[in-house]
Amino acid sequence: MIPAPFEYHRPASLAEATGLLAELGEDAHVLAGGHSLIPMMKLRLAAPEHLIDLQDIAELKGIARTDGEGGGEIVIGAMTTQHELIASDELARAVPLIREAALQIADPQVRYLGTIGGNVANGDPGNDMPGLMQCLDAAFELDGPNGRRRVAAREFYRSAYVTAREDGEILSRIRIPLPAPGHGFAYEKLKRKIGDYATAAAAVLLTVSGGRCGSASVALTNLADTPVFAADAGAALAGSDLGAAAVDAAVAAALAAIDPAADNRGPVAFKQHVAGVMLRRAIARATERATERAAEQTV
Amino acid sequence: MAKMHVKMTVNGKAVEALAEPRTLLIHFLREELNLTGPHIGCDTSHCGACTVDLDGKSVKSCTLFVGQANGAEITTIEGIANADGSLHVLQEMFREHHGLQCGFCTPGMIVRARRLLAENPDPTEAEVRFGISGNLCRCTGYQNIVKAILAAAATLNAEKEAAQ
């Protein structure tokens, strides 16, 4: 499969890249890892006249932790690959949910090139990182002709492939507030095979203290035309003993928030069923981890 | 559309050429450089038959434009035999353990396995299976491929120990 012709650009800085994007207008498309865009181009569902490859832009790379007043954060450059996310021990200590989820994305070859920025910016409801970023309450930085702005992951997604990113903007960084030390986490994903998108997936982040849930955050993947941040599901867990009644309430709230479509991964009823199973597993594992980690801290 | 000038190192040799930007790396390797070891299987980044090593990463060369590889160092199956022409341990072990039937996936499997062992010299069976999960084989059921990779790891580790 041969894509339509285009001109290739490889800017060395973010300013140069946004300049090119402004100059070339809507005929240009930025290229990160290419593992969503290139297949689309091969099918000629996308035919940009200019490709702006971001691989040489050093300021779009890397993972940095800051510990400021009022809680620190992790800042991840958009061109950081899934492989680099998995390999970072510092990230695994601070936000272990990301390694757990990244290992469930695609396959090794795709993870060497696929980037977190591409994964969140593309707006594909099948991608895993958007739901994860909503669960973590991350913010995306967008650089464009009018400077830089920030949009919360929970506000970013409008519908399939439609996001708050304007033409001419490049998603440059992802800022994740550090979760509480000792928090519990889990990403549960059912997929038909390695490399497939989720039939349903659930991300859970919660804290446990004295047998009660302090705070909880729940997001779901590939169960609507955007990722679903299920605020009511988190609220059903927060303050509870995380027992059967609270988990049932959280699952009911999550199922009310999703809107899956029937496709070759199954009919709507099956997806609702799997969403419930994934969420129950994620809550159970996050609870177990938070309880274990709380016990470790008191030893 | 104007052709672009590309330069890269392939199997240790400097390569320069003019190529259309839309040329996929797999087509460049096979048609411009006549390196037909990397295969086109699915052409949709699922099967891994086109896997090559690019700057220390296993990549599917059907899902990469030649311009993205400009300046890179690339190794294909043609570049992994020992300097004296004898087979690389992985090639030897794939033969020894019959880690192939039709052989179509083998170049991708071996190039991927080489990078896997460079990153994780003593993998468990589960780690091997996870590590080659981007490479499909429709003949073997993977059993002998996994055996061959584990045997290659053991051989390489024994060689390393003997050298110390």
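All values derive from a computational prediction rather than experimental measurement. (Residues numbered from 1 in each chain as written. Chains lettered and ligands numbered in written order. Predicted model: local features only at pLDDT ≥ 70, side-chain atom pairs only at ≥ 80, totals over all residues. Heavy atoms only, no water.)

1. A few points about the packing of aromatic side chains
All names here are of chain A.
(1) Moving on: Using the criterion set out here, one finds four aromatic pairs over all chains in the structure.
(2) Moving on: For the pair Phe-140 and Phe-156, a centre-to-centre distance of 4.9 Å together with 85° between the ring planes defines the contact as edge-to-face. Taken together, the positions of Phe-140 in strand β6 (residues 139-144) and Phe-156 in helix α9 (residues 153-156) put the pair 16 residues apart, joining distant regions of the chain.
(3) Moving on: For Phe-140, a relative accessible area of 0% translates into the label buried.
(4) Moving on: Aromatic ring contacts, followed pair by pair, group Phe-140, Phe-156 and Tyr-157 into a single cluster.
(5) Moving on: The ring of Phe-229 is capped by Arg-154, whose NZ or CZ atom sits 3.7 Å from the centre of that ring. (Phe/Tyr/Trp six-rings, centres within 6.5 Å; stacked < 30°, edge-to-face > 60°. Helix = DSSP H or I, 4+ residues; strand = E, 2+ residues; numbered from the N terminus. Buried < 20%, exposed > 50% of the residue type's maximum accessible area, 1.4 Å probe, protein only. Lys NZ or Arg CZ within 6 Å of the ring centre and 35° of its normal.)

2. A look at the domain arrangement of chain B
Residues and elements named next belong to chain B.
(1) Moving on: The domain boundaries assigned to chain B delineate domain 1 (4-79) and domain 2 (89-163).
(2) Moving on: Each of domain 1 and domain 2 was reduced to a C-alpha centroid, and the two centroids are 22 Å apart.
(3) Moving on: In this complex, domain 1 contributes 18 residues to the contact, which on the side of domain 2 involves 14 residues.
(4) Moving on: Across the interface of domain 1 and domain 2, roughly 1,200 Å² is buried in total on both sides, 57% from carbon and sulfur atoms. (Domains from an automatic or database assignment. Contact = heavy atoms within 4.5 Å. Buried area = accessible area lost by both parts, 1.4 Å probe.)

3. A few points about the sheet that holds strand β3 (residues 51-54) of chain B
Residue and element names in this part refer to chain B.
(1) Moving on: One open sheet holds the five strands; their spatial order is β2-β1-β5-β3-β4, and the pairing between them is mixed. Lying at the two open borders of the sheet, with one neighbouring strand each, are β2 (13-19) and β4 (57-60). Averaged over all pairs of adjacent strands, the angle between their axes in this sheet comes to 40°, without regard to strand direction.
(2) Moving on: Here strand β1 (residues 4-10) pairs with β2 via seven bridges, running antiparallel. Looking at β2, one finds that Met-4 is bridged to Ala-19.
(3) Moving on: Contacts from helix α3 (residues 106-119) reach β3, β4 and β5 (73-75) within the one sheet, and its direction differs from that of β3 by about 35°. (Pairing = 2+ DSSP bridges. Axes fitted to C-alpha atoms, helices over the stretch in contact; angles between N-to-C directions.)

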